[in-house]
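# What the coordinates show
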Amino acid sequence: MDAAQKLKQQVRNEFMEYLTLHKHRKTPERFAILDHIYSVRGHFDMDSLYNSMIEVNFRVSRATLYNTIQLLLDCGLVVKHQFGANISKYERAYGNENHDHLICTTCGEVREMTGDLLTPAQLKKIRKFKVGYYSTYIYGTCSKCIHAKRMELRKLARKNETKQNKSNGKQDKK
Ligand SMILES: [Zn+2]
Ligand SMILES: [Zn+2]
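All of the points below concern the structure found in this document.

With that out of the way, let us pick up the overall build of the chain. Helices and strands together make up the secondary structure of the chain, namely six helices and five strands. Along the chain, helices and strands appear, N-terminal first, in the series α-α-α-α-β-β-β-β-α-β-α. A compact globule built from 174 residues should have a C-alpha radius of gyration of about 16 Å, whereas the chain, at 25 Å, is more than 25% larger. By residue count, 10% of the 174 residues in the chain fall in the buried class.

Here we come to helix 4 (residues 62-74). In this model helix 4 runs 18 Å from its N-terminal to its C-terminal C-alpha over 13 residues, within 8% of the 18 Å that 1.5 Å per residue would give. Turning to helix 4, its buried residues number three or more, namely T68, I69 and L72. Projected down its long axis, helix 4 carries its buried residues within an arc of 105°, all on one side. Residues of helix 4 that are exposed and angled more than 90 degrees away from the buried face: A63, Y66, Q70 and D74. Tucked into the core, helix 4 has its buried residues touching helix 2 (28-37), strand 1 (78-84) and strand 2 (87-92).

Here we come to the packing of helix 2 against helix 4. Helix packing geometry: the angle between the two helix axes and the distance between the axes. Two elements in contact, helix 2 and helix 4, have axes whose closest approach is 10 Å; the angle formed by their N-to-C orientations is 70°. On the basis of their axis angle, the class for helix 2 and helix 4 is roughly perpendicular. By crossing handedness, the relation of helix 2 to helix 4 is classed as right-handed. Seen from helix 2, the contacting residues are E29, R30, I33 and L34; seen from helix 4, they are T64, L65, T68 and L72. Grouping the constituent residues of the contact of helix 2 with helix 4 by class yields four nonpolar, two polar and two charged.

About the thresholds
Residues numbered from 1 in each chain as written. Chains lettered and ligands numbered in written order. Predicted model: local features only at pLDDT ≥ 70, side-chain atom pairs only at ≥ 80, totals over all residues. Helix = DSSP H or I, 4+ residues; strand = E, 2+ residues; numbered from the N terminus. Rg over C-alpha atoms; globule rule 2.2 N^0.38 Å. Buried ≥ 20, exposed ≤ 12 C-beta atoms within 10 Å, placed from the backbone. Expected span 1.5 Å × (residues − 1). Arc of directions from axis to C-beta. Contact = placed C-beta atoms within 7 Å. Axes fitted to C-alpha atoms, helices over the stretch in contact; angles between N-to-C directions. Parallel < 35°, antiparallel > 145°, perpendicular 65-115°, else oblique. Left-handed = near helix turned anticlockwise from the far one by under 90°. Nonpolar A, V, L, I, M, F, W, Y, C, P; charged D, E, K, R; others polar.

Given below as structure tokens:
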């Protein structure tokens, strides 16, 4: 069994345990959704998940999908990110390297950056807590938005210049 299969088996067992403990039905759809989520990388929302399941010919109702995601969130196999007031994305909880999210507060773009922000020494300092993984949010402005803002300011400056030149011209005539 390779690492990816092992991980899928591990999360399947965890989900099974959770469903048993909470007396939820163990339907094949629920396990298929979990399996699918652990087959794709990166962030997703309800629509993109629904569409990617249809792409692999797996028909599931949006209600089932929604309901299963709630269960997966509840048992910690899927995490929800709130990237902005109106942007929430999901992501599988295990099998992702520690990663950081660079969030542009202007356009809402989210970029992932891997590379451990915390050194092993810093992780050791966290006491009475076993760290499974971590992910951070770094808010700021993306290069596209910085560029767009600069262009806009330049345009406004140019407009003001011509306005001033015009009014200066009028004054000269007086
Ligand atoms: Zn992420
Ligand atoms: Zn941006």
